[in-house]
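Read off the chains here:
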Amino acid sequence: MKLSIAVYGAPHSSEASESAYRFASAACSMGHSLIRVFFYHDGVHNASSLAIPPQDETQTTQRWQALALEFNIDLVVCVAAALRRGIVNTEEAERYDLESQNLGKGFEISGLGQLLDAAVSSERLVSFGH
Amino acid sequence: MKETPTTATPKKILFVNTKAPYGSSLARDALDALLAASAYEQDLSVLFLGEAVFQLLRNQNPKDIGMKSLAATLPVLPMYDITQIYAQESALSTRGLSIDDLVLPVKVLGADEIAALMGSQGAILSF
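Residues numbered from 1 in each chain as written. Chains lettered and ligands numbered in written order. Predicted model: local features only at pLDDT ≥ 70, side-chain atom pairs only at ≥ 80, totals over all residues. Heavy atoms only, no water.

## Thoughts on the overall build of chain A
Line of reasoning, step 1. Of regular secondary structure, chain A possesses five helices and five strands.
Line of reasoning, step 2. Counting helices and strands in the order they occur from the N terminus, chain A gives β-α-β-α-β-α-α-β-α-β.
Line of reasoning, step 3. The C-alpha radius of gyration of chain A comes to 14 Å, within 12% of the 14 Å expected for a compact globule of 130 residues.
Line of reasoning, step 4. Its C-alpha atoms give chain A principal-axis dimensions of roughly 45 × 35 × 30 Å.
Line of reasoning, step 5. Out of the 130 residues belonging to chain A, those deemed buried represent 52%.
Line of reasoning, step 6. Taking the contacts inside chain A whose residues are at least 6 apart along the sequence as the reference set, 79% of them involve residues at least 24 apart.
Line of reasoning, step 7. If you sum the accessible surface of chain A, you get close to 6200 Å²; carbon and sulfur atoms cover 49% of it.
Line of reasoning, step 8. For chain A, the distance from the average site of its 9 positive side-chain charges to the average site of its 15 negative ones is 6 Å. (Helix = DSSP H or I, 4+ residues; strand = E, 2+ residues; numbered from the N terminus. Rg over C-alpha atoms; globule rule 2.2 N^0.38 Å. Buried < 20%, exposed > 50% of the residue type's maximum accessible area, 1.4 Å probe, protein only. Contact = heavy atoms within 4.5 Å. Areas by Shrake-Rupley, 256 points an atom, 1.4 Å probe, with all protein chains shown as cover. Lys, Arg positive; Asp, Glu negative; His and termini not counted. Charge placed at Lys NZ, Arg CZ, Asp CG, Glu CD.)

## Some points on the pairing of strand β1 (residues 2-7) of chain A
All names here are of chain A.
Line of reasoning, step 1. Most of β1 sits out of view: five of its six residues are buried.
Line of reasoning, step 2. The sheet contact formed by β1 and strand β2 (residues 33-39) spans six bridges and is parallel. Note on β2: the bridge partner recorded for Lys2 is Ser33.
Line of reasoning, step 3. Where β1 lies against strand β5 (residues 124-128), five bridges are found, and the strand directions are parallel. When the sheet's bridge partners are listed, Ser4 is paired in β5 with Leu125. (Pairing = 2+ DSSP bridges.)

## Considering the interface of chain B and chain A
Line of reasoning, step 1. Counting from both sides, the interface comprises 27 residues of chain B and, opposite them, 24 residues of chain A.
Line of reasoning, step 2. Contact between chain B and chain A buries roughly 2000 Å² in total, counting both sides, with carbon and sulfur atoms accounting for 60%.
Line of reasoning, step 3. Where chain B touches chain A, the interface holds seven residue pairs in polar contact (both at pLDDT 80 or more).
Line of reasoning, step 4. For the side of chain B that touches chain A, the element with the most residues is helix α1 (residues 26-37) of chain B, which contributes seven residues. (Buried area = accessible area lost by both parts, 1.4 Å probe. Polar contact = N/O pair within 3.5 Å; in protein donor to acceptor, adjacent residues only side chain to side chain.)

## A few points about the packing of aromatic side chains
Residues and elements named next belong to chain A.
Line of reasoning, step 1. The tally for this structure, following the rule as stated, stands at nine aromatic pairs over all chains.
Line of reasoning, step 2. Taking 5.7 Å as the distance between ring centres and 50° as the angle between the ring planes, the aromatic pair formed by Phe23 and Phe128 counts as tilted. Taken together, the positions of Phe23 in helix α1 (residues 16-29) and Phe128 in strand β5 put the pair 105 residues apart, joining distant regions of the chain.
Line of reasoning, step 3. Judged by its relative accessible area of 30%, Phe23 falls in the partly exposed class.
Line of reasoning, step 4. The exposure class assigned to Phe128 is buried, which follows from its relative accessible area of 14%.
Line of reasoning, step 5. Taken together, a centroid distance of 6.1 Å and an interplanar angle of 55° make the contact between Phe38 and Tyr40 tilted.
Line of reasoning, step 6. Sitting over the face of the ring of Tyr21, Arg63 holds its NZ or CZ atom 3.9 Å from the ring centroid. (Phe/Tyr/Trp six-rings, centres within 6.5 Å; stacked < 30°, edge-to-face > 60°. Lys NZ or Arg CZ within 6 Å of the ring centre and 35° of its normal.)

## Describing the packing of α1 of chain A against helix α2 (residues 60-71) of chain A
Residues and elements named next belong to chain A.
Line of reasoning, step 1. Between α1 and α2, the shortest axis-to-axis distance is 11 Å and the interhelical angle comes to 20°. Accordingly, the angle class assigned to the pair α1 and α2 is roughly parallel. Once α1 is placed against α2, the crossing between them reads as left-handed. In this structure, α1 contributes Ser17, Glu18, Ala20, Tyr21, Ala24, Ser25, Cys28 and Ser29 to the contact, and α2 contributes Thr60, Arg63, Trp64, Leu67 and Phe71.
Line of reasoning, step 2. Grouping the amino acids of the contact of α1 with α2 by side-chain chemistry returns seven nonpolar, four polar and two charged. (Axes fitted to C-alpha atoms, helices over the stretch in contact; angles between N-to-C directions. Parallel < 35°, antiparallel > 145°, perpendicular 65-115°, else oblique. Left-handed = near helix turned anticlockwise from the far one by under 90°. Nonpolar A, V, L, I, M, F, W, Y, C, P; charged D, E, K, R; others polar.)

## Things to note about a nonpolar patch on the surface
All names here are of chain A.
Line of reasoning, step 1. A contiguous nonpolar patch, built from Leu83, Tyr96 and Leu98 and spanning about 270 Å² of accessible area, is present on the exposed surface.
Line of reasoning, step 2. Within the element layout of this structure, Tyr96 appears in the loop between α4 (90-95) and β4 (107-110).
Line of reasoning, step 3. Relative accessible area serves as the criterion here: at 46%, Tyr96 is assigned to the partly exposed category. (Patch = residues over 30% accessible without salt bridge, like charges linked within 9 Å, V, L, I, M, F, W, Y side chains within 5 Å. Salt bridge = Lys/Arg side-chain N within 4 Å of Asp/Glu carboxyl O.)

Below, the structure written as structure tokens:
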């Protein structure tokens, strides 16, 4: 089955990204086709390459990156939600003259249309985060 | 990324709102997503459940808490061809609200009608 996922919760402070990852991982290992994970609202924090959780805790960003690499999944971060919360790629960092970029490798910043596109192109869109 | 197949038959997509208007930004984010979705020529509808019916109230003045009013934006939905707007009957009645208190003309649905509405959709986005 063609699936997409929407994540609205930040790692560590919410269970949403943990649940979303476990669902994503299980779906992929069962042979379903996960097209896209769309990070919106506080979910954009999943894409930060500057988060340093303690070593014995979940490395959220790296885990998404590994899953996306293995199963060829789009990891898309909503640009409006990301800019509000300080998640920026090189292009946005230059545009706003910021000190650094912090979008993890494998994630891309795009618009809300990608959430609707996920709903249209998937047989199921599963939301995590409230 | 894959592009949206714009020529395909419109898909029935329901946006479900569950949050009160200003405690989190999810209500605003849901509205932004709905307005963005209106550009994609799909068959959109929106449902307000539980605390989310407060999003529809007239006379909201959240400027004092540093927020933009949802009531200022919600009335534009029909101009974006979003006219299938629903509210949960019990959510209104338990909060002492009637459709006269709302900024938009909504269709009020009972539990069975909500179940039927959800069952008829191709996709549901829950906020």
